[in-house]
Amino acid sequence: MFNNKYVEKVFNEFKLKNKGQNEYIQACQEILESLENYITNNSFIEENALLERFLEPERTITFKVTWMDDNNQIHVNRGYRVQYNSSIGPYKGGLRFHPSVNESIINFLALEQCLKNSLTRLPIGGGKGGSDFDPKGKSDNEIMRFCQAFMNELYRHIGPNTDVPAGDIGVGQKEIGYLFGQYKKIKNEFTGVLTGKPITFGGSLLRTEATGYGLCYFTDRALTYLKDDSLKGKTVIISGSGNVAIHACEKAQNLGAKVVAMSDSSGWIYDPNGIKLHYIRQIKEDRKARIKEYLLKAPNARYTESKEGNPTIWSTPCDIAFPCATQNEIHLDDAKLLVKNGCIGVFEGANMPTTLDAIHYLIDNDVIFGPGKACNAGGVATSALEMTQNSMRMTWSYQEVNRNLKQIMEDIFDSICYTNNKYSLKENDLLTGANIVGFEKIMYAMLLQGI
Ligand code: NDP
C-alpha cells in the first residue's frame, strides 16, 4: 500500500494492534497516505520513531456508568475518555453520547482531534470521549442522572490544565451544564473544566454557532482564493440537522447561498425554494421531532426516506456540499454523483464523513476537498477562546469572539495553502496540506520534550 517501508511497517503494526477498529484504521490510513512523501523527505521522523509515538494514545480510560431511569430500572453503559496527545496543550475534545459509540469511534475522533487542534495554532492537545448511552427518548431527569453518573468517574481524569471536554453528537449545552454541576459538587471548585457551557456560568458567546459558522468562513476563504468566487449565489446541500448543520445553514444563507437540502438519520428533505431554517429549528430544537415534518410547513418540498435503494441527499445537484451529520456518509457512488452534477467543493462539517475512495475521487476530479479537521475546527477553537475567558475571569463580546473565529478559520486555510504551495501539492487537495501542518507542530513538540 505504501512505497515507504517505514510507513508501511508502522501501518501494519497499527492494524494489528487495533484489529477490528475500522474507523480508527481508516483515519490512520488517510493520515499516513498524505504524510508519506513528507516522511520520506524527513528521515529524522523515522530515526526518532515520531510516527509510532504520535499514533499511540497517551492514555485510554474506559469506565462503567450505572444510572437509574424514571421507572427505577437500573442501566449500565460504558464511558470512554481517550487522552491522545498533550504535546501542545491540555487534552481537548468533545464527548459523544450515541448508541454507536465504541473504542474505534472514540479513537478515530481523538486522533483527528489532535491534528485539528494543532491546525488552530492554539495551545490545545487532543482527546475525545463519550458513551454508548442513547439520549433519544430520555426525559430531562434521566439525562441529568446519566450525566452525573458519567462525571462521578470522569472527574478523576480531567481538570482545567489537564483535560477539558466539550460537546459532540448528543451532548449540547444542557448536558454540559449537568456535567459541570456534578464536577463542581465533587471538586468544590469553579473552573473552566468543560467548554460549551451555558452563557450564564462561563460559556462563551458564539460557541454554539462556532462550528457551523467556522465551516462557512473556511469555505468562503477557499472559494475566494481558489476560484475567485464566494458562497454568494451558490446552491448548497447540508446533511444533518443538529448543531453543526443548523448553524452552517444559517451562516451560508447569511452569506447569500441557497440551501436546498438537509437531513436527519431517518431521511432527507429537498426544498427547491430554499430551506426555511426557522421550520427546521422548530422541528429539531424545540420539538426534537423528525425532519419529515418539514413537509407540513412547506408542501412544495420533497422527502426521501433513508433506506437501501433510495437516492441519498448527495444525488441533489449542488455547487457545494456540507456533510454535517456523522462519519462515512459520502461513499464513492455519492462522490460520483456529486461530480456528475457539477459540485465544485465538499467541505466537511462532520468528522470523517467522506470515505477514503470518495475523497480520492473528488480530488482527482478537481473538486475542492476541505477535510473536517480543518473545516470544523471553529468549534474547538471557540472552546479554546472560552478557556481563555474562563482563565481571565472575563467575557468577550459576540463581535470579539466572531472576529477571532473568522481570523482563525482564514489562518487555517492560509496555512494549508502555503504548505500546498511549498510542497507543490494539488491546490484543491486541502487534506494533505492540513495533515502536514497539523502533524508538524505536534511532531516538533514531541521531539523537543524528549521521550
Ligand atoms: P448533533 O447531535 O447536534 O446532530 C447530529 C445530526 O446528525 C442529527 O441531525 C442526526 O440525526 C444526524 N446523525 C447522527 N448520526 C447519524 C447517522 N448515523 N446517520 C445519519 N444521520 C445521523 O451533533 P453535531 O451537529 O454536534 O455533530 C455533527 C458532526 O459534527 C459530528 O461528526 C461531530 O463529531 C462533528 N463536530 C461537531 C462539533 C460541535 O461543535 N458540535 C465540532 C466539530 C465537529 P438524528 O437527529 O436523526 O439523530
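Residues numbered from 1 in each chain as written. Predicted model: local features only at pLDDT ≥ 70, side-chain atom pairs only at ≥ 80, totals over all residues. Heavy atoms only, no water.

Caption draft 1: Broad picture of the packing of aromatic side chains. Evaluation of the coordinates by the stated rule reveals 21 aromatic pairs. With a centroid separation of 5.6 Å and 85° between ring planes, the pair formed by Phe-2 and Phe-11 is classed as edge-to-face. On the basis of relative accessible area, Phe-2 is assigned to the buried category, the value being 8%. Considering the side-chain rings of Phe-180 and Phe-201, the 5.4 Å spacing of their centres and the 25° angle between planes classify their relative orientation as stacked. With Phe-180 in helix H7 (residues 173-187) and Phe-201 in the loop between H7 and helix H8 (207-227), this pair connects stretches of sequence that are 21 residues apart. Classification of Phe-201 as partly exposed rests on a relative accessible area of 25%. Linked through ring pairs, Phe-63, Trp-67, Phe-97, Phe-133, Phe-146 and Phe-150 together constitute an aromatic cluster. (Phe/Tyr/Trp six-rings, centres within 6.5 Å; stacked < 30°, edge-to-face > 60°. Buried < 20%, exposed > 50% of the residue type's maximum accessible area, 1.4 Å probe, protein only. Helix = DSSP H or I, 4+ residues; strand = E, 2+ residues; numbered from the N terminus.)

Caption draft 2: Broad picture of the side chain of Asn-85. Turning to its location among the elements, Asn-85 is positioned in strand E2 (residues 74-85). Residue classification places Asn-85 among the buried residues on the basis of a relative accessible area of 2%. Side-chain polar atoms of Asn-85 contact the side chain of Ser-87, separated by 2.6 Å. With residues up to four places along the chain from it excluded, the contact list for Asn-85 reads Phe-54, Glu-58, Tyr-91, Cys-114, Gly-125, Gly-126, Ile-442 and Met-446. (Polar contact = N/O pair within 3.5 Å; in protein donor to acceptor, adjacent residues only side chain to side chain. Contact = heavy atoms within 4.5 Å.)

Caption draft 3: Quick peek at the sheet that holds strand E8 (residues 267-270). Ordered in space as E9-E8-E7-E6-E10-E11-E12, the seven strands form an open sheet in which the pairing is mixed. Either end of the sheet is taken by a strand with one partner, and the two such strands are strand E9 (302-305) and strand E12 (368-370). Neighbour-to-neighbour, the strand axes of this sheet turn through a mean angle of 15°, independent of strand direction. (Pairing = 2+ DSSP bridges. Axes fitted to C-alpha atoms, helices over the stretch in contact; angles between N-to-C directions.)

Caption draft 4: Up close: the site of the ligand. Looking at the ligand, there are 25 residues lining it, with Lys-136, Asp-168, Thr-211, Ser-265 and Asn-351 nearest. Here an oxygen atom of the ligand sits 2.9 Å away from a polar atom, N or O, in the main chain of Asn-243. A distance of 2.9 Å is found between an oxygen atom of the ligand and a backbone nitrogen or oxygen belonging to Val-244. In the complex, the protein chains occlude 82% of the 890 Å² of accessible area that the ligand would expose alone. Looking at the shell around the ligand, the elements that each hand over two or more residues are H8 and helix H9 (243-254). Here the residues of the shell around the ligand sort into five nonpolar, twelve polar and eight charged. (Near = heavy atom within 4 Å. Areas by Shrake-Rupley, 256 points an atom, 1.4 Å probe, with all protein chains shown as cover. Nonpolar A, V, L, I, M, F, W, Y, C, P; charged D, E, K, R; others polar.)

Honestly, it's all geometry; don't read function into it.
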